[in-house]
Structures are given as structure tokens and as C-alpha cells.
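Below are the chains, spelled out letter by letter.
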Amino acid sequence: MTTNKLVERHTITALVQDKPGVLNRVTSMFRRRGFNISSLAVGHSEIPHLSRMTFVVEGGDQILDQVTKHLHKLIDVIKVTDVSSENAVARELALIRVKTSTQTRSEIMQIVNLFRANIIDVAPDTLIVEVVGDENKIEALQNLLERFGIQEIMRTGTIAMRRGMGPDNTSDNSRPKQTPVVYETGSV
Amino acid sequence: MKMNGGQMVCASLIEEGVDVIFGLPGGAILPLYQTLPEFPELRHILVRHEQGAAHAADGYARVTGRPGVAWATSGPGATNLVTGIATAQMDSVPIVVITGQVGRAALGSDAFQECDITGITLPITKHNYLVMTAEEIPRVIKEAFHIANTGRPGPVLVDIPKDVFTEIANYKYPESIDLPGYKPTLKPHSGQIKRATQMIEEAERPVILAGHGVILSKAYEELMELAEKAQIPVITTLLGVSSFPADHILYSGWPGMHGMAYSSLALEEADLIIALGCRFDDRITGDTRTFARKSRKIHIDIDPSEIGKNVKVDVPIVGDLKNVLSVLNKGVSEKSNVDWINRISVLRNEHPLTNADQSEGLEMRYIIQEISEETNGNAVIVTGVGQHQMWAAQYYTFNQLCSLVSSCGSGAMGYEVPGALGAQVGRPDSVVWSIAGDGGFQMTMVELATLVENKIPVKFAIMNNNCLGMVRQWQDFFYDHDHVATLYSGNPDFVKLAESFGMMGIRVTDKTQVRAAIEKAMRHDGPVLVDFIVQQDDNVYPMIPAGTSIDNLIEEPSLEGVNL
């Protein structure tokens, strides 16, 4: 699950028509062109009939450039924004089902508190932990809980938003060059 | 006004200026067909196979610049269109395809003749629609034509369930279009224009690489002005052939895998490539790491995703070519580039296309050269895919603009029959010659019936070498002459075949009969098939093997040591 190599990643959001088949068009384009998505999240936007998708795409600047342009080319995609820069916040939600016993329960609760995560379900021999954060935080918690025995993990995929009133980095053909953001996955 | 869905489709097509539809009926599209007699403005040409309808619409669109229309029924009718749709997509040809679909209640139930044609065509259309109410039809048809024929053109498919054709709703053709996600950039960025102008000014060995975009944007005059004003030699891509007159002094051929050696060498020696509406296809670049390393590149295209896709570009300009060039031309100053133009002449003399008349036997290129002379380079040439296609592009002198109609990106054999049908319908006053391979011809020859039925006078020159020539050539070059499954032993008698369809057939087996046969075919009013029995073992030269560089150029063996 966790990799230790450096993967260059970019987070982009797309405002799309909320119509049947749009997700299919987008994923079909990614598949056909061989772009790798490491996460994808979709939900309604603030505008009626429009949804917003957040993609985390693996690859360097050239890939990002092509992904952005090919997304734009889809008729149902209205706006594409690069939110990879430090000027953005990115969050993901995960549910983790962990094995517990009377011996381990308090230790798990301590870890959960440290991560400002929540326990949302308690059963005799398992707990469900809910954690919100960026990818690194979720993977860090996951690594710590690993030794108790993780039974199941559900992750929503990253969603991201630009901070404050920062300049909108909506893609067009004069898009300024971005410094690539390098995430070190798997580090705690 | 109240109308049923079928009537709405026809009324909307008339609003879009459609005058001809290529199609074949079936259960799901029948309600649409039954409304056709109410709309005499729409000429329907009944094809024999739906692939023919899609290719014919494509051929029509290429020669007229207006979207071609094809329609077919659900299931197999729709899937038979797929090759034609993919062909239009690869070559950016505007076609609008309408398919019948099973009734709304049956959708998703694996009903008889149901297939998910919008799903199937998702990656091979510019956009597609599944229309779920009759009310939507006018808007969808308007959007379909707009999307197909603006920006970078391409195919749009509209899938309509059977009961939507019979549903009655209010018909009003919309005046405007609301597509917030589709706004092609038409006007160029002024800063980039300045940089491009500067580069053209500085260049000592500039070439223009003119692609299909010149034809699609009808930027012929602007291209001519740029070339003549700054004295820049014009090389075209294969799809760009006939975007610039072949008899012009600045015309410098077409490069690539089977292009003219001197054109490939000129690209290699150039210090500036001005790429106009082209996509740096692998058949031109070979290995992109070694392609034209000495040159800076200006890439003008309406599709931003083409820029930087295959090769690195120094100045990208997004916009409609006609607009961009008219702006660019204002800033470009007059130059002479005499040394460079002389250098290209030297390359041309040292690496010419070889004489088409050097063999005793009957060669394809000789026939093509004779057709070129007989038509003064003014015919519309439609080809299939393979050796004959390469020789047609090499040896026909395209003096008329927009006169090569060929499946270049997709490389769809069989295009030559329905493609020619569509081209002749689009240009009824032109002479249309279909240069056909015996392989491709047999894929779609059923459309001869359509030609005869509709008195469409296409002249076919079958380059009959009794084999799949280009595949056989690859076997010769790369598989030790091991001719697996490429030689035919049971071709039909094409002359008798033509006669059975009710058209004139002529057989030519000897060089001396070629000219007379061409003349006879052209004198005849209706469609004619000339079966040219040509040598089987001819190979197309020059050749740059796939994925390699100009260093691997193979020129005609008989000339090796003389000109290399």
C-alpha cells in the first residue's frame, strides 16, 4: 500500500457538467492517453448542475500540461484549475477498521487522539477510526495502526482548494509555469 | 410548432444546411425514415453497408468543408459505422452521425439490436449525445453541428431511441448555443505572434510544414502570402497535400516514412519549422528524440492539446489558422532566403522521386503519373491505404486545392470506394478518380451498387497487384520476405464484377494500354472501373523505417551509390 519512492504528483480540479456519463468521459480520456490517477473525488459544486472533480495525477510538468489540455478539450469540462501549489489546502477522509482487544484499546485511542482523529464505532473486537487530513497524515496513522491489525480501509480520495484570495490559476494557454510539487509518500 | 422527433431531426438538418444524408434503415431508425418524404430538400443516398455511409459522409465533408451526415439503425447498424467515425476523428473531419436506438424502456436490457453506441464511440468522437426526449432534439442537433465544424473539427454522434422519434413535442430551432465548456480559441496571442515574427526574421533556413489545418481552415491564401512574402519553402504533411499548389516554385514535397527524401532532408537541415495545423505524427517525426534537432519550432494549431504533445515547441500559437496567419503575415517582412531555396533545389536534384517510366512492366506509379497528366492535376484523388496511396501522393501533381481525399491518420483500407462516393456527391462537377488497392477495394466494393443506383460517375483505378502490397513490402524489409497471408490466390474478375453491378469495366495488362483506358474512362458518363494488373513485387521508396530517423533513409536500390 505505501510506497517509498518519490513520485511527482499534481492536484487539479475540474468544474464539470453534472450529467450522466461525464465521469465516464473523463476517466476514458485518462485511460486512453495513459495518464495515471492516484486519486479521484467527485461531488456537487456551489453552482447548480455543475460538479467538481479533484484528481491527483502522477507525472511531471509535461504530463500535467497534457492532462490539463485534454481535460479542457472535453466539451463537458468547463474549467480546470491546478491546485498543486503550496497555496492550496488538500484533505482526504479515511475510515479504518482496526482489530482491538482490552489490552490494545487504550493505546489505539491514544494514537487516535494524537492524530485528532475520531473513533466512530466500537465493537467487541474492532474499532472504526475516522481521520481527516492530507495523504501523508492518513498514511502515517495507517502505518501506526498496522501492528494492531487493519481489517479494512476506505478512503475518499483527495479534495483540494486554493487558499484565501490567491490568484486563480485556471488553465489557459498562457498558463505560467508551475514549480512541481514533490510528495514523499510513505514517510511518517 | 408541434412535431414528432423524426420530423424534428429532418427540420433541424435543413436548418443546418444539410442537403444529403448517407444511410441505411433498420428497425430503430425506421420512424425517422418514414418522415423523410415530407422533407424533399434532403437527398438520401442508400448505401449497402453502414461503414460506407460514414466514409461517404467523411469524403463529402473533406471536399466541401461542410459537415457530412450519416445515419444508421441501432446495434449492428451503429457498430458498422465505427470504422468511419474513427477515421473522421483521426483526420479531424466534421461529420454528424445519427443512430437509432432501442426504445427508452428497453435501454440497458440487452434488447434486440441494442448496443451502447455512445459508450463505444466515446473515445472516437469529438462529442456524443444520447437524446432522451424529443424536446431536446433541436438543441442537440444544433450543438452537434457546431461542435463538429468549429474549433478542431471532428465527428459527433447523436443516438436517439426509437420512441423519441415518435414522441410529439414543441419544435423551435434555437438561435444560440450555450456550451460553457466549449469555446475554441480563435484569435492568436499577440506576444506569441511577435516572437514568431522575430524567429521568422532571424531564420536562415525556414520551412513551413503545412498540415490538414490549412485545408480545414481554408487558409490557402494566407499560406501562399506567408510563403511568398518571406520566401519560405512549403513542405506539407500527407493530409496537407493539396493545401498548396504542387506546381508552385516554393512547394517542396511531403516528408516522412514514404515521403520525398528531399523533403525529409530539408526538414532535417532547417533552422526553423513553422508547423501549421499539423500534429507531428510519428510517420513524419520517426524517433521524436532525433527529429529535426537543428530547428526551432513554431507550432500553430487550434487544438492546444496538440502543442507539445509529440515534439517540444519554441513558440506555441493557439488559434484558427486563417486568423493567425493573416495577423502573422502583417508583421512578417519580405525576405529572399535564396541560398536556402537553392539548397533545397540541390537536395531535390540529388534525391529526386525516381522516374515512373523506367520499367518494362506495369507499375502503379506510372499509371498514377498518366492519370495526373490526363487530368492536368485537377482531379479529386481519393485513395485507399497502402502502396498505391503513397504513390498517388508522390506522383500525382495536385494543382487543385483540397483535392487529395485519403484516410491518413486512421489508415482505413476500404476508404477508397465510399470515400470517393462522398467526394463525388460533394463535388459533382469535378472529375473524381479513386486510386484503389485490390485489398481495400474488396472491403467496401458493395458500394458500387450505390454508385450505379445514384449515377455517381467515380472513376476507379484498381492497382491490382494481387496482394496486400504494403504489408508484403514490410514482410520483404523486416520479415525476411516471408509472405504470410499477404498474397491473394482468388481475387474476383473485377471487370466482370463491374459489369455485374451495371458499370463499365476495363482491364489493362500492358503499359501501352494505360493512356487509352484512362481516356476511355473519362469520356464515359457513369462510373467506370479500370482493373490495372500491375507488378506484384514493387516497393515504395524512399522509406524511413518506423520509429527511426532520417539517418536510416532507404532510397531506391537501383540508385544507391549514384546519389547517396
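Residues numbered from 1 in each chain as written. Chains lettered and ligands numbered in written order. Predicted model: local features only at pLDDT ≥ 70, side-chain atom pairs only at ≥ 80, totals over all residues.

1. Focus on the overall build of chain A
A tally of regular secondary structure across chain A gives 4 helices and 10 strands. Going from N to C terminus, chain A has its helices and strands arranged as β-α-β-β-α-β-β-α-β-β-α-β-β-β. Out of the 188 residues in chain A, the part that is buried amounts to 30%. Taking as baseline every contact in chain A between residues at least 6 positions apart, the subset at least 24 positions apart corresponds to 77%. (Helix = DSSP H or I, 4+ residues; strand = E, 2+ residues; numbered from the N terminus. Buried ≥ 20, exposed ≤ 12 C-beta atoms within 10 Å, placed from the backbone. Contact = placed C-beta atoms within 7 Å.)

2. Here's the deal with the overall build of chain B
Along the backbone of chain B there are 23 helices and 19 strands. Here the C-alpha coordinates of chain B stretch approximately 75 × 60 × 40 Å along the principal axes. Expressed as a percentage of its 564 residues, the buried residues of chain B come to 56%. Considering only intrachain contacts with a sequence separation of at least 6, the fraction spanning at least 24 residues in chain B is 77%.

3. Things to note about the sheet that holds strand β18 (residues 504-508) of chain B
The 6 strands lie next to each other as β15-β14-β16-β17-β19-β18 (chain B), forming an open sheet whose pairing is parallel. Edge strands, defined here as strands with exactly one partner in the open sheet, are β15 (404-405) and β18 of chain B. (Pairing = 2+ DSSP bridges.)

4. Remarks on the interface of chain B and chain A
Each partner contributes residues to the interface: chain B has 15 residues there, and chain A has 17 residues. Residue classes in the side of chain B that touches chain A are distributed as 8 nonpolar, 6 polar and 1 charged. (Nonpolar A, V, L, I, M, F, W, Y, C, P; charged D, E, K, R; others polar.)

5. Quick word on the nonpolar core
Membership of the largest hydrophobic core comes to 193 residues, with the highest contact counts inside it found for B:Ala70, B:Val158, B:Ile208, B:Leu276 and B:Ala461. Ignoring sequence-local partners within four residues, the contact set of B:Ala70 consists of B:Phe22, B:Gly23, B:Ala53, B:Ala54, B:Ala56, B:Ala57, B:Leu81, B:Gly84, B:Ile95 and B:Val97. A:Ala94, A:Ile96, A:Val98 and A:Ile138 belong to the second largest nonpolar core, which has 11 residues in total. (Core = buried A, V, L, I, M, F, W, Y, C linked by C-beta atoms within 7 Å.)

6. Observations concerning helix α17 (residues 387-395) of chain B
Across the 9 residues of α17(B), 9 count as buried, placing the element largely inside the fold. Taken together, the buried residues of α17(B) touch α16 (364-374), β14 (380-383), β15, β16 (432-437), β17 (459-464) and α21 (469-478) of chain B.

7. Focus on the sheet that holds strand β13 (residues 315-318) of chain B
Strands pair in a sheet through their backbones, by hydrogen bonds, and they do so in one of two ways: parallel or antiparallel. Residues and elements named next belong to chain B. Taking strand neighbours across the sheet as the criterion, the 5 strands line up as β10-β9-β11-β12-β13 in an open arrangement whose pairing is parallel. Looking at strand neighbours, the two that pair on one side only are β10 (234-236) and β13, the edges of this open sheet. Along the sheet, successive strands turn relative to each other by an average axial angle of 20°, direction set aside. Judged from the 5 bridges that link them, strand β9 (residues 206-210) and strand β11 (residues 272-276) form a sheet pairing that is parallel. In the strand pairing of β11, Val207 is matched with Ile273. The strands touched by helix α9 (residues 190-202) within the sheet are β9, β11, β12 (296-301) and β13, with β13 carrying the most contacts at an inclination of about 130°. (Axes fitted to C-alpha atoms, helices over the stretch in contact; angles between N-to-C directions.)

8. A look at the packing of α16(B) against helix α23 (residues 514-523) of chain B
All names here are of chain B. Two numbers describe how α16 lies on α23: the axes approach to 10 Å, and their chain directions differ by 50°. Compared by their axis directions, α16 and α23 come out oblique. Judged by the twist between their axes, the crossing of α16 over α23 is right-handed. Across the interface between the two elements, Tyr366, Ile367, Glu370, Ile371 and Glu374 of α16 pack against Val514, Arg515, Ile518, Glu519 and Met522 of α23. Along the lines of polarity and charge, the residues of the contact of α16 with α23 split into 6 nonpolar, no polar and 4 charged. (Parallel < 35°, antiparallel > 145°, perpendicular 65-115°, else oblique. Left-handed = near helix turned anticlockwise from the far one by under 90°.)

9. Focus on the packing of helix α3 (residues 50-64) of chain B against helix α5 (residues 82-90) of chain B
Residue and element names in this part refer to chain B. Put simply, α3 and α5 touch, their axes get as near as 7 Å, and they point 25° apart. Viewed along their axes, α3 and α5 adopt a mutual orientation that is roughly parallel. Judged by residue contacts, Gln51, Ala54, His55 and Asp58 of α3 engage Thr83, Gly84, Ile85, Thr87 and Ala88 from α5. Residue classes in the contact of α3 with α5 are distributed as 3 nonpolar, 5 polar and 1 charged.

10. Considerations on helix α4 (residues 135-145) of chain A
Residue and element names in this part refer to chain A. Within the sequence span of α4, burial applies to Glu135, Ile138, Glu139, Leu141, Gln142 and Leu145. All buried residues of α4 project into a common sector of 160° when viewed along the axis, lining one side. Looking at the buried side of α4, the elements it contacts are β5 (88-99), α3 (105-114), β7 (126-133) and β8 (150-155). (Arc of directions from axis to C-beta.)

11. Focus: the domain arrangement of chain B
Residues and elements named next belong to chain B. In terms of domain boundaries, chain B breaks down into domain 1 (2-170), domain 2 (190-350) and domain 3 (364-533). On a C-alpha basis, the centres of domain 1 and domain 2 stand 37 Å from each other. Of the residues lining the interface, 6 residues belong to domain 1; the matching set on domain 2 comes to 6 residues. (Domains from an automatic or database assignment.)

12. Focus: unusual backbone geometry
All names here are of chain B. In this structure, the amide linkage connecting Tyr541 to the following residue, Pro542, adopts the cis form with an omega of -5°. Here Pro542 shows up in the segment after β19 (528-533). Even without a glycine there, the phi angle at Lys218 is positive, about 50°. You can see Lys218 is positioned in the loop between α10 (212-216) and α11 (220-230). Its 14 C-beta neighbours within 10 Å are what place Lys218 among the partly exposed residues. The backbone phi angle of His481 is positive, close to 60°, even though this residue is not glycine. Considering the arrangement of structural elements, one finds His481 in the loop between α21 and α22 (494-501).

13. Comments concerning the environment of A:Ser101
For A:Ser101, the location among the structural elements is in the loop between β5 and α3. Expressed as a C-alpha distance, the spacing of A:Ser101 and A:Gly21, which sit 80 residues apart in the sequence, is 46 Å.

14. Here's the deal with the environment of B:Gly319
Residue and element names in this part refer to chain B. With respect to the secondary-structure elements, Gly319 resides in the loop between β13 and α14 (321-331). Accessibility expressed as a C-beta count within 10 Å gives 24 for Gly319, which makes it buried. Sequence separation between Gly319 and Glu350 is 31 residues; the distance between their C-alpha atoms is 38 Å. Every residue in contact with Gly319, bar those within four places of it in the chain, is listed here: Thr185, Leu186, Lys187, Pro188, Ile302 and Val324.

15. Let's talk about the environment of B:Thr450
Residues and elements named next belong to chain B. Tracing the chain through its elements places Thr450 in helix α20 (residues 448-453). Using a count of 24 C-beta atoms within 10 Å as the deciding quantity, one classes Thr450 as buried. If near-sequence neighbours (up to four positions away) are discounted, Thr450 is found in contact with Ile45, Leu46, Val47, Arg48, Gly52 and Leu421.

16. Some thoughts on the pairing of β14(B)
Residues and elements named next belong to chain B. Here β14 shows no split at all, with Val380 and Val382 on one side and Ile381 and Thr383 on the other all buried. Examined bridge by bridge, β14 and β16 share 4 bridges and lie parallel to one another. Within β16, the residue paired with Val380 across the bridge is Val432. Of the pairings in the sheet, the one linking β14 to β15 comprises 2 bridges and is parallel in character. Of the residues in β15, the one forming a bridge with Val382 is Val405.

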